[in-house]
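Chain and residue survey
For reference, the chains in residue letters:
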Amino acid sequence: MNYHKKTVRDVDVRGKKVLLRCDFNVPMAKDGSGVITDDKRIRASLPTIRYLLENGAAVIACSHMGKPNATYAAYVKKQTEKGKDPASLTEEGWKKSLEQLSLKPVAARLGQLLGQEVIMAADVVGPDAAAKAAALQPGQILLLENTRFEPGETKNDPELAKKLASMADLYVSDAFGAVHRAHASTVGVAAYLPAVSGFLIQKELEIIGGALADPKRPLVAILGGSKVSSKIGVINNLLSIADTIIIGGGMAYTFSAAQGGQVGDSLLEPDWKDYANDMVKKAAEKGVKLLLPVDTVCADAFAPDAKSQVVKAGRIPDGWQGLDIGPETVKLYCDAVKDAGTVIWNGPMGVFEFPAFAKGTEAVARALSETSAITIIGGGDSAAAVAQLGYADKMTHISTGGGASLEFMEGKELPGVACLLDQ
Ligand code: ADP
Ligand code: MG
């Protein structure tokens, strides 16, 4: 995938109406109070928004929030269980579901952060949005309602894309977390407007794209997390790029079992054992160093206060399960990143959510914070682990896109990036 894309700096934005796709899909309090529990994604959008406003653009921001269809389905299920006739629910229930997923709280928070009013539209491409967009002046910002309130959004409906595009002169994409989805507001609009990237996407492309295309070597990839099956694409792609691949987390037990090891009650995907052996063979053929755990911290239950012991890899007793890499493995893995030029890390080394089994993940995070290598973290849980353990500001780059960063590392084309103008 060509990742050299035009950015907001490569076009004249002065006096333009700019449709800006952001990722404002922020976590909200479950009680329906509209309280945003983490505004990281809103903050991440500020540099591009400020640049556009300061350079004389009128900004029409848009984003999705949650899954309206699923929220509505859950509502109907609950009411039906209470004995209501589903046919009577449609209108009222759909409205209620939409209220919960309104971007109104985002407009308020964004306004506070920017120190200026964020005008909120009552719809996405309806009369209110159209009127407010038409009246918008340079230096002002309008936020459209949740793009998924329009059924055409997730279908990448050209009619919806055309309506969105008709409000603006330029499209700027800065929602890296959504570029792996071909929707009307992430891809469709680019057919009708010149399309460039904002600073957030530019940084993701430069750093991750650069590390995959022309890495500072040696390139060490650390892969963990729960399942081999969800990481095959990443392992496969990195096998052709990396100098060293380190395997940790739950998927290590499938590798161990494939080599005849005893893994007790550890996470195991028996159908993927052959694949694991193939990977080991392929790595040897390609001259890629593949490191597997030599010891493991196992527990007598999947619980934060479980009894634990350290055993050699492949020697996990019945009734026990591996929840973290062991101390010998920690040493081996930390040594391997010391002289790296680039480290790409996806997937925690253990169940870091339980402090007793977070040691392996923490040690690797610390080792990354101490190398002079370019360090890149991809994946939602990995980013959360690094933040939770307090190493977030010690990394070169923590990707803002969970699924998007994984597909990028798999070498897949990201439709929301492919549709932007090449440099
Ligand atoms: P990412 O979101 O960064 O791509 P994954 O979703 O693949 O990462 O994996 C993260 C999850 O893997 C975490 O919730 C963690 O608890 C789990 N995990 C790691 N090691 C183990 C293990 N040994 N057994 C069970 N789960 C594990
Ligand atoms: Mg995950």
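As the structure is a computational prediction, the values presented were derived from the model and not from experiment.

Taken together, the three strands give an open sheet; going across it, the order is 12-11-14, and neighbouring strands pair in antiparallel fashion. On the outer flanks of this sheet lie strand 12 (308-312) and strand 14 (321-325), each paired with one strand and no other. Averaged over neighbouring strand pairs, the angle between their axes works out to 40 degrees when direction is ignored. In terms of strand pairing, strand 11 (residues 295-299) meets strand 14 through four bridges, oriented antiparallel. Bridging across to strand 14, C298 finds its partner in G322. Sheet contacts for helix 12 (residues 327-338): strand 11, strand 12 and strand 14; angle to strand 14, the most-contacted strand, approximately 35 degrees.

Next up on the list: the site of ligand 1. Of all residues adjacent to ligand 1, which total 18 residues, the nearest are K231, N346, E353, D381 and S382. The backbone of G380 places a nitrogen or oxygen atom 3.4 Å from an oxygen atom of ligand 1. In the model, an oxygen atom of ligand 1 is placed 2.5 Å from a nitrogen or oxygen of the S382 side chain. For ligand 1, whose free accessible area comes to 580 Å², the fraction covered by protein is 86%. More than half of the atoms belonging to ligand 1 lie within 2 Å of the grid points that define the second largest pocket. Looking at the shell around ligand 1 element by element, the count peaks at three residues for helix 14 (residues 380-388). Here the residues of the shell around ligand 1 sort into four nonpolar, eleven polar and three charged.

All right, on to the pattern of salt bridges then. Tallied over the entire structure, the rule returns twelve salt bridges. One salt bridge connects E81 with K77, and the closest N-O pair in it is separated by 3.8 Å. Taken as a pair, E81 and K77 lie in helix 3 (residues 68-81) at a separation of four residues, close to a single helical turn. By the burial criterion, E81 is exposed, and K77 matches it.

The subject of this paragraph is the domain arrangement of the chain. By convention, interface size is frequently given as the accessible area that disappears when the constituent parts associate. One can read the domain layout of the chain as domain 1 (8-66 + 101-203) and domain 2 (215-410). Just the C-alpha atoms count here: the centres of domain 1 and domain 2 sit 36 Å apart. Each partner contributes to the interface: domain 1 provides six residues, whereas domain 2 provides ten residues. When domain 1 packs against domain 2, the two sides together hide about 630 Å² of surface, and 64% of this comes from carbon and sulfur. On the domain 1 side of the contact with domain 2, F176, H180 and K203 bury the most area, a combined 74% of that side's loss. Along the contact surface separating domain 1 from domain 2 lie zero salt bridges. When the residues that make up the side of domain 1 that touches domain 2 are grouped by side-chain class, the tally is three nonpolar, two polar and one charged.

Looking now at the nonpolar core. Counting residues in each nonpolar core, the largest one holds 62 residues, and the members touching the most others are F24 and L144. Among the nonpolar cores identified, the runner-up in size contains 40 residues, and L223, V228, A252 and F255 belong to it.

Our focus in this paragraph is a positive patch on the surface. Together, K78, K82, K84 and K96 give the surface a local cluster of positive charge. Note that K84 resides in the loop between helix 3 and helix 4 (90-100). Residue K84 is classed as partly exposed on the basis of its relative accessible area, which comes to 38%.

With that settled, the discussion passes to unusual backbone geometry. Cis peptide bonds are those with omega within 30 degrees of zero, and the linkage from R217 to P218 qualifies with -5 degrees. Relative to the helices and strands, P218 is located in the loop between helix 8 (199-213) and strand 7 (219-223). For N156, which is not glycine, the phi dihedral falls at a positive 50 degrees. Inspection of the secondary structure puts N156 in the loop between strand 4 (141-143) and helix 7 (158-166).

Reading guide: rules and limits
- Residues numbered from 1 in each chain as written.
- Chains lettered and ligands numbered in written order.
- Predicted model: local features only at pLDDT ≥ 70, side-chain atom pairs only at ≥ 80, totals over all residues.
- Heavy atoms only, no water.
- Pairing = 2+ DSSP bridges.
- Helix = DSSP H or I, 4+ residues; strand = E, 2+ residues; numbered from the N terminus.
- Axes fitted to C-alpha atoms, helices over the stretch in contact; angles between N-to-C directions.
- Contact = heavy atoms within 4.5 Å.
- Near = heavy atom within 4 Å.
- Polar contact = N/O pair within 3.5 Å; in protein donor to acceptor, adjacent residues only side chain to side chain.
- Areas by Shrake-Rupley, 256 points an atom, 1.4 Å probe, with all protein chains shown as cover.
- 1 Å grid on protein atoms, 1.4 Å probe; cavity = no way out; pocket = protein on both sides within 12 Å on 5 of 7 lines; lining within 4 Å.
- Sits in = over half its atoms within 2 Å of the grid points.
- Nonpolar A, V, L, I, M, F, W, Y, C, P; charged D, E, K, R; others polar.
- Salt bridge = Lys/Arg side-chain N within 4 Å of Asp/Glu carboxyl O.
- Buried < 20%, exposed > 50% of the residue type's maximum accessible area, 1.4 Å probe, protein only.
- Domains from an automatic or database assignment.
- Buried area = accessible area lost by both parts, 1.4 Å probe.
- Core = buried A, V, L, I, M, F, W, Y, C linked by side-chain atoms within 4.5 Å.
- Patch = residues over 30% accessible without salt bridge, like charges linked within 9 Å, V, L, I, M, F, W, Y side chains within 5 Å.
- Lys, Arg positive; Asp, Glu negative; His and termini not counted.
- Charge placed at Lys NZ, Arg CZ, Asp CG, Glu CD.

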